[in-house]
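So the chains spell out like this:
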Amino acid sequence: MDMLTIGAFAKACRLSPKALRLYDELELLRPARVDPETGYRYYAVGQLEQARLVAWLRRLGMPLARIRRVCAMEPGPAAREIRAYWAQVEAETAARRDLAAFLVDHLSPSQGKDTSMLELRYSALSDTGLVRGANQDTAYAGTRVLAVADGFGPGGAPASTAAVEALKFLDDEPLPAGSVLNVLEDAVQGATRAVQAVEGVPSETGTTLTAMVWTGSQLALVHIGDSRAYLLRDGELFRITHDHTVVQSMIDEGRLTPEEATAHPQRLLLLKALGTGRAVADAPDMRLHDVRPDDRYLLCSDGLPIVVPDEEIARILGSTPVPDEAVRALVGAANDSGGPDNVSCVVADVVESDAATGYRFN
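Summarised in this report is the structure supplied together with it.

What follows deals with the sheet that holds strand 3 (residues 41-44). With antiparallel pairing, three strands are arranged side by side in an open sheet as 1-3-2. In the strand order of this sheet, the two ends are held by strand 1 (3-5) and strand 2 (33-34), each with one partner. Here strand 1 pairs with strand 3 via three bridges, running antiparallel. Counted as the bridge partner of Met3 is Ala44 from strand 3. Lying over the sheet, helix 1 (residues 6-13) contacts strand 1 and strand 3, oriented at roughly 95° with respect to strand 1.

Right, let's talk about the sheet that holds strand 10 (residues 228-233) for a bit. The strand order across the open sheet formed by five strands is 4-15-14-10-11, and the pairing between neighbours is antiparallel. What marks the edges here is a single partner per strand, and that holds for strand 4 (118-127) and strand 11 (236-239). On average, adjacent strands in this sheet sit at an angle of 20° to one another, irrespective of strand direction. Strands strand 10, strand 11, strand 14 (296-300) and strand 15 (343-352) of the sheet are contacted by helix 10 (residues 310-319), whose axis makes an angle of about 55° with strand 10. This element, helix 11 (residues 323-336), spans strand 4, strand 14 and strand 15 of the sheet and lies at about 155° to strand 15.

Under the 1.5 Å per step criterion, the end-to-end length of helix 3 (residues 48-59) is 16 Å for twelve residues, consistent within 8% with the ideal 16 Å. If you check which residues of helix 3 are buried, you get Leu48, Ala51, Val54, Ala55 and Leu57. Looking one or two places after helix 3, you find Gly61, whose phi comes out positive at around 90°.

So, on to the pairing of strand 10. Counting buried residues along strand 10, six of its six residues qualify, which places the element largely inside the surrounding structure. Because side chains alternate across strand 10, one face comprises the buried residues Arg228, Tyr230 and Leu232, and the other comprises Ala229, Leu231 and Arg233, equally buried. Note that strand 10 and strand 14 share five bridges and pair antiparallel. If you follow Arg228 over to strand 14, its bridge partner there is Cys300. Here four bridges tie strand 10 to strand 11, and the two strands are oriented antiparallel to one another. Bridge assignment links Tyr230 to a residue of strand 11, and that residue is Arg239. In this structure, the hairpin formed by strand 10 and strand 11 is closed by a connection of two residues, where Asp234 is found at a positive phi of approximately 55°.

So, how was this worked out
- Residues numbered from 1 in each chain as written.
- Predicted model: local features only at pLDDT ≥ 70, side-chain atom pairs only at ≥ 80, totals over all residues.
- Heavy atoms only, no water.
- Pairing = 2+ DSSP bridges.
- Helix = DSSP H or I, 4+ residues; strand = E, 2+ residues; numbered from the N terminus.
- Contact = heavy atoms within 4.5 Å.
- Axes fitted to C-alpha atoms, helices over the stretch in contact; angles between N-to-C directions.
- Expected span 1.5 Å × (residues − 1).
- Buried < 20%, exposed > 50% of the residue type's maximum accessible area, 1.4 Å probe, protein only.

As structure tokens, then:
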């Protein structure tokens, strides 16, 4: 059998040695022989065709998990799988076009946008669900502060409560837009200390935190963990947070598809959280959001999206005009789908001030 060194094989198939080592680890493209003493990889000339197929599919943008499936197929089914993947890409591209338009508008300077007469109309609801014996979530909606925290570990409930309680003072603080992120950063540090100070809580305890603070013209977002924030604008639903989880990092790297992530054994493993056992505090995501009249924001624990798809979330948010009714409908949808986890939702509408009325249900 004609053999090529990893360097010669990489040059022939136009894949880097680093990529070949990764594909070996993923069992996507195994070397024909590995030297037992040096660990050096050798490839058969006959493997070049598969390697080139992998390279082409990567250039197409196909995730590694799906490439593995294509490479295991006969040519006919493989061609159909590639065609189906490209149809999906075209559909997602259209959705990303809408997201890009939203981001361009969101990140454009806000001069000239009249937000001085806007207020929030809001509601919050937390539910144990149908499987868990206790509720470790905390949801809160106030004049300025919107927050959802999802505790975990033996002291998850007091941890999530402590994190949210540490932010409530912002309801009464003057918050100029120019310095609100500094104020919010200090508040999150206070939330971290509050979680760490909960008495009798083991080191494996912690909480996620997704919160927004209203300045009167903008919403300041802080996010850590896998609770989420969404924006419904002009009938389109946008997720404005990124999950800090192992599976999300694998999706980002192309090692998993979103569909595979739903059944992955590590799907609940967090990369970031507010926790008592962390020697160095994890840094949350923080940024400002410009708002428009009629924007609707949703903050939720992962008990909602693990069983209710984004399309259904968008439908409920778009068809339920009152925040109180919206949070009840969302929690109901999660429980109708089995309610395997605690579920918490905060819905806040940006409205003209003369129409604003606050609601809070905790």
